[in-house]
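# Descriptive structure summary
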Amino acid sequence: MIRWLHYADRMTRTAAHEPRIARVAAMMADPARSLMLAYLLSGELASAGELASAASVTPATASGHLSKLLDVGLLICEVRGRHRYYKLANADVAHALEALAVVAERSTHDHLWEHPARKRLRFARCCYGHLAGELGVKLLTTLQARDGLKITSQGYELTLQGAAWMASLGLQPKQPMSGRRYAYPCLDWSERRDHLAGQLANELLEHFIQQAWIRRADGRALELTPIGVQALLPMLNAHAAQMG
C-alpha cells in the first residue's frame, strides 16, 4: 500500500508538468462538437444556427456546445451588430484538427473515398483559408518543382522564381505580416502529403477564387470552374508531374 502511494504521488507530480490535453481532447471527442469544429475548418465565420445544422442538433443544444468550446479556447466569437458568429480560435486549432483527421482516417479503405461528398473534399477543400486536398498538394509540388520556395527554420520563404510564377498568375504577394507564419507545410489528411499553409497560401486561394478558377461548393469543399480547368489545372499538373 505504501509503495503504491509513493508511486501515485510521483506520477501526480510528473503529470503536473505534462501538457494538459485531457480537457481539450474531451471537447473534441463529442460527436456534435467535432462536427462543428470540422465545419469551421473552412476558416470562415458561422452562426450558431449554421453550426447547429452542421451538427444535426437543436439550437439550444448547439448553444451549450459552443459555450464549452469557447471556454476551452477552441473557438472565438465575434459580434456583428445583433448577431454572433463563431470561428476557430487560431491556426494551431486548425492544425490540431487536421492532425487528428490524419490519425482517424489512416485505415480508411479506398472504396470509402468513392462517395461523392468525400470525393469532392479529397480533390479540393478549404483548410483554414488555404487550399487543401489533391489540388492543394499539387500547388505545393508545383512551387517546389519551380524552386519557388526556400526552406527556412520557420517553414518557407518565397524565391524570385516563385514570385515570377505567381506574377504569371496575376498575383503579387504581400510582404510577410508580423506575428503570422508566412508559408509552411501542412500534412494533408486525405492525401497524406504536405500542402501549403500560411499567409501566402491564403493569398493564393483568395486569388484563385477572385479569378473564378476555383469556387466554393458545399461546406468547405472547393471545385475547379471550367475556366480553372483550362487556365490553372494545366499549370499545376505539368510541374507536379516532374516531382513524381
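Residue indices begin from 1 for each chain and proceed along its sequence in written order. Per-residue local features of the predicted model are confined to residues with pLDDT of at least 70, and side-chain atom pairs are confined, for both listing and counting, to 80 or more; whole-chain, interface and lining totals are unaffected and use all residues. Only heavy atoms go into the side-chain values, all of them from the structure, while hydrogens and water stay out.

### A closer look at the pattern of salt bridges
Salt-bridge detection follows one rule: a side-chain nitrogen of Lys or Arg within 4 Å of a carboxyl oxygen of Asp or Glu. Counted under the stated rule, the structure contains 9 salt bridges. Across the salt bridge formed by Glu 78 and Arg 80, the nearest N and O atoms sit 2.8 Å from each other. The cut-offs for exposure are 20% and 50% of the maximum accessible area for each residue type, with area from a 1.4 Å probe on protein chains only; residues under the lower value are buried, those over the upper are exposed, and the others partly exposed. Taking the relative accessible area as the measure of exposure, Arg 80 reaches 47% and is therefore partly exposed. The salt bridge partner of Asp 188 is Arg 125, with a shortest N-O separation of 2.9 Å. Of this pair, Asp 188 sits in the loop between strand S8 (184-187) and strand S9 (194-197) while Arg 125 sits in strand S4 (residues 125-127), and the two are 63 residues apart along the sequence. Pair check on accessibility: Asp 188 and Arg 125 agree, each one buried. Within this structure, Glu 78, Arg 80 and Lys 87 form a network of salt bridges that share partners. Counting from the N terminus, the helices are DSSP H or I runs at least four residues long and the strands are E runs at least two residues long.

### Section: the pairing of strand S2 (residues 75-80)
Pairs of strands are assigned from DSSP output, requiring at least two bridges between the strands. As judged from the 6 bridges shared by S2 and strand S3 (residues 83-88), these two strands associate in the antiparallel manner. For Ile 76, the partnering residue across the bridge sits in S3 and is Lys 87. Here S2 hands over to S3 after 2 residues, with Gly 81 in that stretch at a positive phi of 65°.

### Structural notes on the nonpolar core
Most often, soluble globular proteins keep nonpolar side chains buried together rather than apart. Definition used in this section: a nonpolar core is a set of buried Ala, Val, Leu, Ile, Met, Phe, Trp, Tyr and Cys residues joined via side-chain atoms within 4.5 Å. Of all hydrophobic cores here, the largest spans 28 residues; its most connected members are Leu 131, Leu 135, Leu 196, Leu 200, Leu 204, Phe 208 and Ile 214. Elements with a contribution of two residues or more to this core: helix H8 (134-145), helix H9 (160-168), helix H10 (199-210), strand S11 (222-224) and helix H12 (233-240). Ranked by residue count, the leading element in this core is H10, at 5 residues. By size, the runner-up hydrophobic cluster in this structure holds 22 residues, among which are Leu 51, Ala 62, Tyr 86 and Leu 97.

### Remarks on the sheet that holds S3
Sheet strands line up and pair through hydrogen bonds in the backbone, either parallel or antiparallel. Sheet architecture is open: 3 strands sit in the order S1-S3-S2, paired in antiparallel fashion. The open sheet is flanked by strand S1 (46-47) and S2, the only strands paired with a single partner. Judged from the 2 bridges that link them, S1 and S3 form a sheet pairing that is antiparallel. Paired with Ala 46 across the bridge in S3 is Tyr 86.

### Quick word on the packing of aromatic side chains
Pairing of aromatic rings covers Phe, Tyr and Trp, the last counted by its six-membered ring, and requires centre-to-centre distances within 6.5 Å; plane angles under 30 degrees mean stacked, over 60 mean edge-to-face, and any other angle means tilted. One pass over the full model with this rule turns up 1 aromatic pair. Consider the rings of Phe 208 and Trp 213, whose centres lie 5.9 Å apart with planes at 40°: the pair is tilted. We classify Trp 213 as buried; its relative accessible area is 9%. Only when the NZ atom of a Lys or the CZ atom of an Arg is both within 6 Å of the ring centre and within 35 degrees of the ring normal do we say a charge sits over the ring. The ring of Tyr 184 has Arg 181 lying over it, and the distance from NZ or CZ to the ring centre is 3.8 Å.

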